[in-house]
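Chains, contacts and geometry: an overview
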Amino acid sequence: MKKFLLAALLAGVASSAMAADLPSKKHAPAVAPVYVAPVFTWTGFYGGLNAGYGWGGNPGGVFQGPVGGMFGGTAGYNYQLGQFVIGAEGDFDWAGMRNDNTFGRASSRMSVDSMLTARARAGVALDRALIYLTGGYAGAEVTGSVFDVGNGVFQSSSGWRNGGVIGAGLEYAFTNNISAKAEYLYAPLSSASYFGGTADASGSRLDISTIRTGLNYKF
């Protein structure tokens, strides 16, 4: 009997030792995932607001170049290819540009009441900074008026004047959706004639320069 119990005890010890030597079936602890921020891209639609200051040059005739502020909205689309970004942008601004001129016994005023541009953009992205050139169409609602004290006549004429626009700017993305920009635009507009057939008849050119800042949201 003692021999039987001793043999059973030895067999149990041997089984435990063999089980300890077998590979464990437990899984290694899971590794916590590492967050990788998405790569920033300029590609996408965007919209925003802009504001700035404009001045007109070479008005001609009895007029002087209007100056003043402007404010409006912007919409566009960018597409990024490597470091290069191309796109299209349009904006409409309400303007408070004007200038009064006195000549003899008469006075005149030229004002720009609104301005629209539709432009292509092309630039180079330095991560979140975008340096770009832009160009396309520009148009503005321009009003010319004269008050001739000597003749006792007041005349005013408004019309839309078409032209082109070129410029350059810098835009920086503070987040993946919000960016701010600063740009300069130069828009030479078509010539116009005012008050034809009167003593105050005048021809006018108008080249508008603007410096603007803007805030955009990319969708």
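Residues numbered from 1 in each chain as written. Predicted model: local features only at pLDDT ≥ 70, side-chain atom pairs only at ≥ 80, totals over all residues. Heavy atoms only, no water.

**What to know about the environment of Leu215**
Condition: Where helices and strands are cited, they refer to DSSP runs of H or I of at least four residues and of E of at least two residues respectively, numbered from the N terminus. Only protein chains enter the accessibility calculation, which uses a 1.4 Å probe. A residue is then buried if its area is under 20% of the maximum for its type, exposed if over 50%, and partly exposed in between. Between two residues, a contact is recorded if the distance between any of their heavy atoms is within 4.5 Å.
Mapping Leu215 onto the fold places it in strand E8 (residues 202-218). Of the residues examined, Leu215 reaches a relative accessible area of 51% and is grouped as exposed. C-alpha of Leu215 to C-alpha of Ala182: the two residues are 33 residues apart in sequence and 9.2 Å apart in space. Excluding residues that lie within four positions of it along the chain, Leu215 makes contacts with Gly47, Gly48, Leu49, Ile178, Ser179 and Ala180.

**Overview of the pairing of E8**
Consecutive side chains of a regular strand alternate in pointing toward one face of the sheet and then the other. Our working rule: Following DSSP output, two strands are said to pair if at least two bridges run between them.
Alignment of strand E1 (residues 44-57) against E8, held across twelve bridges, turns out to be antiparallel. By the bridge assignment for E8, Gly48 is matched with Asn216. As defined by bridge partners, strand E7 (residues 178-194) adjoins E8 across 15 bridges and the pair is classed as antiparallel. Opposite Glu183, over in E8, you have Arg212 as the bridge partner.

**Some thoughts on the nonpolar core**
Nonpolar side chains in soluble globular proteins generally cluster together in the buried interior. Heads up, the rule is: Throughout, nonpolar core names a set of buried Ala, Val, Leu, Ile, Met, Phe, Trp, Tyr and Cys residues whose side chains join them through atoms within 4.5 Å.
Within the largest apolar cluster, 21 residues are counted, with the highest numbers of intra-cluster contacts made by Val112, Met115, Ala140, Val142, Tyr194, Leu206 and Ile208. For this core, the secondary-structure elements that each account for two or more residues are strand E3 (84-103), strand E4 (106-126), strand E5 (129-148), E7 and E8. For this core, the element with the most residues is E7, which contributes five residues. With residues near it in sequence (within four places) discarded, Val142 still touches Met110, Ser111, Val112, Ser157, Ser158, Gly159, Arg161, Tyr194 and Leu206.

**Details of the pattern of salt bridges**
Where we set the bar: Basic side-chain nitrogens of Lys or Arg form a salt bridge, by our definition, when they fall within 4 Å of a carboxyl oxygen of Asp or Glu.
Scanning all chains against the criterion turns up eleven salt bridges. In this structure, Lys181 engages Glu89 in a salt bridge whose closest nitrogen and oxygen atoms are separated by 2.9 Å. Highlighted residues: Lys181 in strand E7 and Glu89 in strand E3, separated in sequence by 92 residues. Just as Lys181 is buried, Glu89 falls in that class too. One salt bridge in this structure joins Arg205 and Asp207, with 3.2 Å as the shortest N-O distance. Exposure remark for Arg205: the relative accessible area of 42% places this residue in the partly exposed category. Given a relative accessible area of 5%, Asp207 falls into the buried group. It is possible to trace a salt-bridge network through shared partners that takes in Glu89, Asp91, Asp93, Arg119, Arg121, Glu171, Lys181, Glu183 and Arg212.

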